[in-house]
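A look at the structure
Below are the chains, spelled out letter by letter.
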Amino acid sequence: MSLGTQTKPWDVLVVGGGHAGCEASLAASRLGFKTLLVTGSIDRIAAMSCNPAVGGVGKGHIVKELDILGGDMGIVADATGIQFRTLNASRGPAVQATRCQSDMRAYQATMAARIVSQENLSVHQDDVIGLVNAGANVQGVQTRFGGNIHARQTIITTGTFLGGKLHLGQDKRPGGRAGEAPASGLSKALTGLGLELGRLKTGTCPRLDGRTINWAVLEEQLPETPAPRFTFESTPPPLKQISCFMTKTTSQTHDVIYDAIHSGDAPVYNGQIDGTGPRYCPSIEDKVVRFRAKNSHLIFLEPQGLHTPEVYPNGLSTSLAPSDQIKFLRTIPGLEETQVTRWGYAVEYDFLNPTQLDSTLKVKSLSGLYTAGQINGTTGYEEAAVQGFLAGVNAARALQEKDPFILTRQEAYGGVLVDDLVTQGTKEPYRMFTSRAEHRLILREDNVHTRLYDAAKKIGIVSEDRLRSFERFEEAVQRNLAHARSTTLSPSDSLNAYLEELGEQPMRQGATLEKVLRRPKVEASRLGVEWPSAPFLSAGDSSEHLESKILKRTTIEVKYAGYIERASDAIAREKVLEDAVIPENLFESQLAGMSNEVFDKLSTLRPKTLGQASRISGVTPAAIGLLSVHIARKQEHTNQVNEDTRR
Amino acid sequence: MSYDLNRSDTICALATPPGRSALAIVRVSGANAYTYRDKLFTAHRGVVKDYVATLGLLSTPDSGEHIDECLVTSFPEGRSYTGEALVEFSLHGNPNLVRILVRDLQSLGCRSAEPGEFTMRSVLTGKRDLLKAQAVYDLIEAESERALKVAASNLHGQPTNSIARARKAVISVLAEIEARLDYPDEELGDTLTQQLREDLGKAQEVIEELIASAAWGGRLMSGIRVVLFGPPNAGKSTLMNALLGEERAIVHSSAGTTRDMLEAKFELQGFSITLVDVAGVRFGDDVHDIEAVGVEKALAALERADLILALDPSDKPMGAKHPIYDWPNPQGRRILKIQSKADLVTEPTRQLDTLYDFKLSATDKNSLAELRSKMSAILELESNSSSALTSAHQEQELKHTQVALEQALQALDSAMPLEILSAEIRNAGYRFDRLTGDSLSEDVLNQVFTRFCLGK
Ligand SMILES: Cc1cc2nc3c(=O)[nH]c(=O)nc-3n(C[C@H](O)[C@H](O)[C@H](O)COP(=O)(O)OP(=O)(O)OC[C@H]3O[C@@H](n4cnc5c(N)ncnc54)[C@H](O)[C@@H]3O)c2cc1C
Ligand SMILES: Nc1nc2c(ncn2[C@@H]2O[C@H](COP(=O)(O)OP(=O)(O)OP(=O)(O)O)[C@@H](O)[C@H]2O)c(=O)[nH]1
Ligand SMILES: [Mg+2]
C-alpha cells in the first residue's frame, strides 16, 4: 500500500473529505481496513460550505442516529457548538430536534484531527480525475498528479464539485465551492461507465462583518440551558455559549430584489442556471417571488465562530450580483451599514441519479464503487454524513464478505433517506423532513439508543462499554415505567401547587403515578418522586444530563403510550411487506398483467422487497398485489424444483 | 378459495348463461386477446376495428374448418371493461359451439377465467375501484327493482364520491400540519384545530350514513326477512299464503299445524322479501318435545328478522300476554302488532285496541292490500338513501374507518401534539383507501371477488 507505484491496493479509497467522506473513511478504517482518503485540499477537510450549524428538524435526528451507530458528526458538533437549542420544543416528542451553531473553524479542525490521527486511515491531497476499472469492476482512481491509485472498494463523496459552476450575478465560472476548483474528468468517467447524471443547484448566503451590524436594535435569541446535546454521553459544552439575533426583511428589501430580477441580474431567473434548486431552502429571490403575499421573512444572524466577526444571515441565500446583494442587505433592520465579507453565490453541479444505487449505496451496475453525500442528490451536512457512514460500513462489510448493513425506514431517518433515494430518486436537492418518515412517532431523538441498539451492535464500531451504557439507560427507563404503574401518589400541597401552575385540576384522592403523568403537561421530574433511575444512574454513569434524559423519556413513554403502541403495531403489519423478498430473477421476463410502464420501472430499479417496490412512484397498490402473487408463484416453483431435484 | 392468478396469461369465459339460447358471448381478456382473435376469426371485410361489432367467420386454427359466423367486438388496452385488451365473440347460442371456441382458445394458450376474474382485473388495472366492482356484482345479482337501483347508483359512483370527499377533507389538513412541524421557524399560526374538527365531523357523518345504509343495503340485496310470529292458530300460515298468492303452507283449524320453519320469497313494491312462517309459540308445562323444538326455531328466526309481524287472534286474544312481549328484542327490530282474524271480533275489545298497529282479516282482499301498503311504507322509510353499500365486508371496513376517525377526534380533543394528530389522520386515510381499493391487499381481493359468477 503506497501511493503512486502501488504494489498492493488499498482496501477502501474515499474520494472527497467533506462530511460524507469523513464518516466513510472513519467507519471503514475503524472496521479494520486500510483506508485512504484522497481530497482536493487537506486544509478544507470537513469544511462547512454553507451555514455554521448542525442539526435541526429531521437532521438532528440523523446526527443522533449516527452517534449511536458509531459516527463522528455528533461528537464533533458537541465539541465545537457555541449555541445549542431544541427546535419544536413546544411540540410533541417526535418532532423535537436538536440544533447547534458551530464554531466553523473549530468544527473543521476537530474533525480533521480525528481523521489524521485515526489508525488505518491515511490522507492524501490530490484531485481525482477518473476511475480505474476493468469492465464493470472499479479498481481505484486516477489522480491529477500522482497517477493511479488502486483500491478494492472506492467511495466517491465529491459533494457539489462534479462539473461545478458558480454563479454570482451574471458572472459564472467553474468551481466546486467558493475559492475551490471543480472536479473535472470525474463526471465523464462516471457517464463513461454508463451512469446517468443530472444537474442540481443550491445557493448560499453572503457573510457579514459582525462589527458593522447594529445589534442593539435586534431581538436576541439566548442559548438554551442546560444545552441540549447530540451525543449520548451529553457532557456539557466545552466552548463558550453565545446568542443569535433575529431580524426581518422589509417591503423595501423585496422591492430591491424584484428590480434586480427584472433587470435580468438573477441567474436563477435569467436562464443562466439549468439545475433544479431545492423548494424548501429557497434563495431569497425565490421566496420573494413565490410568496408574494408575505411582505417580510425572518432572518437569523448566526455567528460563524467565537474568534471571527463573520456572521451568517440565515435565510438570505442569494446569487444576485454583488451590487444588488449589498443594496437589499442594507434595507434590513440592523444591517443598514453592514459590510459584506463574502458574497452569496449559487452552485450548479452534476449529481448521480441515486436510483442507480442499491440500499448499501453501491452502484448497482458496477462492483467496487459506492457514492455518498451530495453527489447522490441530497443537500445538507447531516444527510451527507449518514450516507458516508453507511457506504463506509458497507464497503467494509463487502470486504469481510458479511451481509450488507441496511437501516430500515422503520428504525431510522437514515433508513428513510437511503430508501427514498434508491427507490424514488430525486428531482431536487433532497433534504430530510420528519414528514418523510411514516413512523415518525417511533423515530424520536429520545429513544435513539434503544431503536438502534441492535444496529450499532451489528456494525461493531461502538465499544462494548458504550453499548452497555445504552442498555443501562433503557433498563432505567423500564424500571421507572414499572414504578409508575405500581406506585400510588397521594395528593399533597406541593403536588397540587404544581398541577395548578400547569392549569390542571388539583388531585383529590390518590392515583397511580402513571395516571398523574398522563395529564398533558405533567413531567416526571417535577412530581417530587424518588424515581428508581436516580440511584441506579448515580451508581454508574453519573451525568446529570442522562438523568434528565431518562426522566424525559419516561414521561414520553407514559404520556403517549397508546399512540406509540399503535405505531409499533403498524410497523409490525408493514413488516410483512418489508420481509417479502423479491427474487433476483423475477423481472427477467415480462410479468404480464402488469402494465409495461410499471414493469419497466420495477425492472430498472429492481427493488429488493415488496416494501421497497410499494414506495416506487407509479407503482400502484394493485401492482403490489400482483407482485406478491408472482413472488408466491416463483417461490412455489422454486420449491417444486428443489423437491424434484431432491427426489 | 384463494386467487391463484397467473396474471401473465390471457383468460376466457362464457359470459352468458350456459345452455341453448339465441346468442352466446365468450369473453377474452389479456395481452394476447387480439392475437388469439386473429388466429380464430376472419372478418368478411378483412379489417377488424376497435369498438365496432364486426361480422366474420370463426374457424379452428389447425384444420381451418369453419365453425360459425359470428360477431366480434374488440376493446383495446386501457379502454375496455378489464382495462386489458378484450375481445367479445358473439356466437349462435349452441353450447357445442361455445365448447369448441373455448377449447380452441385454450389450445392457443388461453386459460379459463376464475369467477369474478374479469372484474378483479379491472380493479387491478385501476379501471374501477372496489366499491364499483362490488356494484357490478350487485347489479347482476339484484333480485328486486330496489336492489337494482342501489347497485346502479353505486356503479355510478355515489358512495365512491362521498367517500372521496370525506377522505379529501380529512387528508387536506395534513400538509398544513407537516409544514408546521418541519418549519419551526416559519410563523404559521395554530388555528388549524377548529377546521380540522369540522372536517373530521363531516367525514364521520358520511361514514355513519354509509354504515347505516350498509346494514340496509345488505338486506336489500339478499331479501328483507319478514317473520310471522304469534301463538298457535293465530293465522300465520294463512297470512303467508295470502301474501304469496299461493297455497304454500298447510293451514288447519287445529293449533300447532306448522312445526318447521318455512321460507318463501315475494316482491313487494320493488322490495325483495323473504317471508318466514314458523310454529306458533306458547310457553307452559304442557308444551311437549316437538313443539318445544318448533318454539326454539321460531325464537331463533326473530333474531334474524328485519320486520316482525306479530299476530294476535281476535278469537283467542293473548293481549299483553302475547309471546312477543317475552322476547327482549336486543337489536330493536321493527315489530308490527296485528290483531288477526279481525272478522271474528264479536264484542268490542276496546281495552286491547291500543296494543295493535293493525287489524287484519286474511280473508278480506282490502284488508290484505292495506297490510301490503303498510309494510311497504315501513320499508320505504328504512331505505331513505338511494345508494347503500351492500356487503358485510364493506360494512366491516366502514366500521374500521369510523374507529380511525374517532381516534383522530380523540387526539384532537385531548390536545395531543400535532405529530400524533398527523399519525391518526394518516391512519384514517389508510382506512379510506382500503374501502375504495386504493390500498389493496390479498385478503381484500379474496373477500370481494370469490362470490362473483363466472365470466364477470
Ligand atoms: C454553495 C453551497 C450552498 C449550500 N447550501 C446549503 C443549504 O442551504 N442547506 C444545506 O443543508 N446544505 C447546503 N449546502 C450543502 C452542504 O454543504 C452539503 O450538502 C454537504 O457539505 C455535502 O457534503 P459532501 O460530503 O457530500 O460534500 P462536500 O462537503 O461538498 O465535500 C466534498 C469534498 O470532496 C472534495 N472533492 C471534490 N471533488 C474532488 C476530486 N475530484 N478529487 C478529490 N477531492 C474532491 C472536496 O474538496 C470536498 O472536500 C450547500 C453547499 C454549497 C457549496
Ligand atoms: N275467520 C278467519 N279465520 C282465519 C283467519 N286467518 C286464519 N283463519 C283460520 O284460523 C285457523 C288457523 O290458521 P293457520 O293459518 O293455520 O294458523 P297458524 O297461526 O299458522 O297456526 P299454527 O301453525 O298451528 O301455529 C285456520 O282454520 C284458518 O282458516 C282470518 O283472518 N279470519
Ligand atoms: Mg301455521
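Quick note: structure is the one above.
Quick summary incoming for the structure in this document. (Residues numbered from 1 in each chain as written. Chains lettered and ligands numbered in written order. Predicted model: local features only at pLDDT ≥ 70, side-chain atom pairs only at ≥ 80, totals over all residues. Heavy atoms only, no water.)

The subject of this paragraph is the site of ligand 2. Residues and elements named next belong to chain B. Every one of the 21 residues lining ligand 2 counts as a neighbour, but N233, G235, T238, G256 and T257 are closest to it. D343 has a polar side-chain atom sitting 2.8 Å from a nitrogen atom of ligand 2. Notes on ligand 2: free accessible area 650 Å², of which the protein chains cover 86%. Of the residues assigned to the shell around ligand 2, the class counts are six nonpolar, 12 polar and three charged. (Near = heavy atom within 4 Å. Polar contact = N/O pair within 3.5 Å; in protein donor to acceptor, adjacent residues only side chain to side chain. Areas by Shrake-Rupley, 256 points an atom, 1.4 Å probe, with all protein chains shown as cover. Nonpolar A, V, L, I, M, F, W, Y, C, P; charged D, E, K, R; others polar.)

The subject of this paragraph is the sheet that holds strand 12 (residues 334-340) of chain B. Each strand in a sheet pairs with another by means of backbone hydrogen bonds, the pair being arranged parallel or else antiparallel. All names here are of chain B. An order of 9-10-8-11-12-13 is seen for the six strands of this open sheet, with the pairing classed as mixed. Of all strands in the sheet, those bounded by a partner on one side alone are strand 9 (262-268) and strand 13 (358-359). Relative to strand 10 (residues 271-277), strand 8 (residues 224-229) runs parallel, the two sharing five bridges. Looking at the pairing, V227 lines up with V276 of strand 10. (Pairing = 2+ DSSP bridges. Helix = DSSP H or I, 4+ residues; strand = E, 2+ residues; numbered from the N terminus.)

Residues and elements named next belong to chain B. With six bridges connecting them, strand 4 (residues 54-59) and strand 5 (residues 66-75) associate as antiparallel partners. Paired with L58 across the two strands is D68, which belongs to strand 5. Hairpin remark: strand 4 followed by strand 5, antiparallel, with six residues in the connecting loop; positive phi at G64, about 75°. In this sheet, strand 6 (residues 86-92) lies alongside strand 5 in antiparallel orientation, the contact comprising five bridges. Looking across to strand 6, one finds that V72 is bridged to F89.

What follows covers the sheet that holds strand 4 of chain B. Residues and elements named next belong to chain B. Pairing in this open sheet of seven strands is mixed, and the strands run 3-4-5-6-2-1-7 from one edge to the other. What marks the edges here is a single partner per strand, and that holds for strand 3 (41-43) and strand 7 (111-112). Where helix 3 (residues 117-124) meets the sheet, it contacts strand 1 (11-14), strand 2 (23-29) and strand 7, and its direction lies at approximately 140° from that of strand 1. (Contact = heavy atoms within 4.5 Å. Axes fitted to C-alpha atoms, helices over the stretch in contact; angles between N-to-C directions.)

Before going further, it helps to examine the site of ligand 1. Residue and element names in this part refer to chain A. Taken together, the neighbourhood of ligand 1 is formed by 35 residues, with H19, A20, V128, Q374 and G380 sitting nearest. S49 is positioned such that a nitrogen or oxygen atom in its side chain is 3.1 Å from an oxygen atom of ligand 1. Contacts to ligand 1 include V128, whose backbone N or O atom sits 2.9 Å from a nitrogen atom. Of all the secondary structure elements, the ones that give two or more residues to the shell around ligand 1 are helix 1 (19-30), strand 2 (35-39), strand 12 (197-204), strand 19 (345-352) and helix 9 (381-399). Broken down by element, the shell around ligand 1 gets its largest block of residues, three residues, from strand 12.

Take a nonpolar patch on the surface next. Taken together, the side chains of B:L139, B:I140, B:L148 and B:L155 make up a nonpolar region of the molecular surface, amounting to roughly 280 Å² of accessible area. Here B:L148 shows up in helix 5 (residues 145-156). (Patch = residues over 30% accessible without salt bridge, like charges linked within 9 Å, V, L, I, M, F, W, Y side chains within 5 Å. Salt bridge = Lys/Arg side-chain N within 4 Å of Asp/Glu carboxyl O.)

Here we take up the packing of aromatic side chains. Scanning all chains against the criterion turns up six aromatic pairs over all chains. Considering the side-chain rings of A:W215 and A:F245, the 4.9 Å spacing of their centres and the 55° angle between planes classify their relative orientation as tilted. Remark: A:F245 occurs in strand 15 (residues 244-248) and A:W215 occurs in the loop between strand 13 (207-209) and strand 14 (219-221); sequence separation between them is 30 residues. You can call A:W215 partly exposed: its relative accessible area is 28%. A network of ring pairs unites the aromatic residues A:F232, A:F470 and A:F473 as a single cluster. Here the basic side chain of A:R436 rests over the ring of A:Y430, its NZ or CZ set 3.8 Å away from the ring centre. Positioned above the aromatic ring of B:Y34 is the side chain of B:R37, whose terminal nitrogen or guanidinium carbon lies 4.4 Å from the ring centre. (Phe/Tyr/Trp six-rings, centres within 6.5 Å; stacked < 30°, edge-to-face > 60°. Buried < 20%, exposed > 50% of the residue type's maximum accessible area, 1.4 Å probe, protein only. Lys NZ or Arg CZ within 6 Å of the ring centre and 35° of its normal.)

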